[in-house]
Amino acid sequence: MTHRSFVLACLAPLALVTTAFFLLPMGRLMLVGATGPHGLAGYLDIVLEPRYRATLINTVVLAAATTLATMVIATISGMFLERHRFPGRSILIAMLTFPLAFPGVVIGFLIILLAGRQGVIGDLTQILTGEKIVFAYSIWGLFLGYLYFSIPRVILTIMAAVQKLDPGLEEAARSLGAGPWAVQRDVVLPALGPAFVASGAIAFATAMGAFGTAFTLATNIDVLPMLIYTEFTLAANFATAASLSIGLGLISWAILRYRAHSPAAPWRRRADAMRDRLIFIAQLSFTLLVAAFLVVPALLSISAGITANYFRGISSGVTLQWVAQVWELYADTIALSFLIAFATLGATLVIGVPAAYALHVRGGTLSRVTEEVVTLPLAIPGMAIALALLLTYGGFGGFRRSWMFILVGHVVFTLPFMLRSVMAVFATIDVGTLDEGAASLGASPMRRFIDVIVPNAMPGIVAGSLMVVTLSLGEFNLTWMLHTPLTKTLPVGLADSYASMRLEVASAYTLIFFIMIVPLLVAMQLVAGKEQRA
């Protein structure tokens, strides 16, 4: 086999999977969206029909507010954490980023524990004012939920951007007499502009397509993902659901595409030191409050899962009976989640690693276009991809009822993460020289790939593998639409327990999820830290 034919063979599985389970289903979704009474003009109903237009406005306003608040919070905390080293910093970073892979339903449940009828905010306000404030099920609760899953995503981007800033620019500005605020305003913030655009676009697009959190909390407000769900499942209005999904996907894709194309005297010294200390204390306090917002609901859930009676508090006793009950009820669901997660990992390794090598070696316009197409699922809400798969393959009864149907969705969703992780490593090593050296010793293309390329790509493969397993275990948006009563996964079981079980059982289920997902998140942080030091 020649090197050229081997490279094409490496791309073949990627082309097959992407075409069969993404491009064709999305094409089918677009066609179904045009089968309504108004044909292609039905797509205009998104902005012309009052109900749909109001829902679109609600979704855009909520996503924009979430993005703005997230950017302010993440910029303050991210710059502080990257600029200062102090005891406990790594723990604080872990606290701020550990909700990264939480399913939307888990976040919704945590917001209920925070601001629901039995939430801690309601209890505190009743003690302080005599009136219980409950807002978990309003737009404010949904805003808190969106903020919860947006902060970890954005803060990592901001920290990475701050790390790359040239300190000389700030020193030059200070030497010219610029004060601290002027330096931040005129030098630092403009330099962070590309990071703001990138992270803001991700936050906005994610909030636009968030389904799990809205599914749990949006009882008094319509947002596009919930409207799509009700139109498809309750009204059986497939054409409208499809057109709304395409519209939502186009908005998210356009936002992410925009992101992709966006660039003293001693007394004075003592005063500066005092000022710097006060700024440090203020930033630390703010960051601790943000960490508390992310961690306290999780701690409340954990305590509820091991408390005999949540409403009586810890005084009712500590017990593992709820954990045992969850395991008895949902052991098969948890096992299926791991089966799907590791099957997804196997598929993304077999497809993604050879494809990353082939795309890197070939280069050129074709490779860039291929990479763009393969990573499109990152820009399209899971709800739209799930509907596309249902409309295309839902008639294949055996396939539809098996866990393989969910596996297909997870592979489409996670494959871009494996591909990008491995390609990022290839960009840092001289793949051509390694390949030519092995070829000069008589190794075949296959042997060169297995014995030389894969070992050198191992850091990216490990990082991508951790990401794939973590995302698959926590994926809800796709899975809720694709599952059947016999193919429930862990996040689907969480949604069921929240809706039908007592609060302690639901919390115990959440505790089991934490036990499984947090070690994976820690491992990802360790791998990322090791690569950063290298």
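Criteria and cut-off values
Residues numbered from 1 in each chain as written. Predicted model: local features only at pLDDT ≥ 70, side-chain atom pairs only at ≥ 80, totals over all residues. Heavy atoms only, no water. pLDDT = per-residue confidence, 0-100. Helix = DSSP H or I, 4+ residues; strand = E, 2+ residues; numbered from the N terminus. Expected span 1.5 Å × (residues − 1). Buried < 20%, exposed > 50% of the residue type's maximum accessible area, 1.4 Å probe, protein only. Salt bridge = Lys/Arg side-chain N within 4 Å of Asp/Glu carboxyl O. Axes fitted to C-alpha atoms, helices over the stretch in contact; angles between N-to-C directions. Parallel < 35°, antiparallel > 145°, perpendicular 65-115°, else oblique. Left-handed = near helix turned anticlockwise from the far one by under 90°. Contact = heavy atoms within 4.5 Å. Domains from an automatic or database assignment. Buried area = accessible area lost by both parts, 1.4 Å probe. Polar contact = N/O pair within 3.5 Å; in protein donor to acceptor, adjacent residues only side chain to side chain.

A word on the confidence of the model for the protein chain
For the protein chain, the mean per-residue pLDDT works out to 85, and 91% of the residues sit at or above 70. Across the protein chain, element-level confidence peaks in helix α19 (residues 403–426) with a mean pLDDT of 93 and bottoms out in helix α8 (residues 167–175) with 69.

Here's the deal with helix α10 (residues 193–209)
An ideal rise of 1.5 Å per residue puts 24 Å on 17 residues; α10 measures up with 24 Å between its terminal C-alpha atoms. Where burial is concerned, most of α10 is hidden: 12 out of the 17 residues are buried. Residues of α10 that are buried: G193, A195, A198, S199, G200, A201, A203, F204, A205, A207, M208 and G209.

Side note on the pattern of salt bridges
Under the defined criterion, the tally for this structure stands at 8 salt bridges. One salt bridge connects R85 with E82, and the closest N-O pair in it is separated by 3.7 Å. The exposed category is assigned to R85, whose relative accessible area is 57%. Residue classification places E82 among the buried residues on the basis of a relative accessible area of 13%. Between R89 and E82 there is a salt bridge, with the nearest N and O atoms lying 3.9 Å from each other. Like R89, the residue E82 is buried in the burial classification. Counted as one network, the salt bridges with shared partners bring together E82, R85 and R89.

Some words on the packing of α19 against helix α22 (residues 458–474)
Relative orientation of the contacting elements α19 and α22 amounts to 160°, with a least axis distance of 8 Å. Taken together, the axes of α19 and α22 lie roughly antiparallel to each other. At the point where α19 passes α22, the crossing takes the right-handed sense. Judged by residue contacts, H410, F413, T414, F417, M418, S421, V422 and V425 of α19 engage P459, G460, I461, A463, G464, S465, M467, V468, L471 and S472 from α22.

What to know about the domain arrangement of the protein chain
Per the domain assignment, the segments of the protein chain are domain 1 (1–18 + 313–534) and domain 2 (49–305). Distance from the C-alpha centre of domain 1 to the C-alpha centre of domain 2: 25 Å. Contacts between the two partners involve 37 residues from domain 1, matched on the other side by 35 residues from domain 2. Between domain 1 and domain 2 lies a buried interface of about 3100 Å² when both sides are counted; carbon and sulfur atoms form 76% of it. Remark: the boundary between domain 1 and domain 2 carries 2 residue pairs in polar contact (both at pLDDT 80 or more). Mapped onto the side of domain 1 that touches domain 2, the elements with two or more residues apiece are α15 (321–362), α17 (382–393), α22, α23 (477–482), α24 (490–500) and α25 (503–533).

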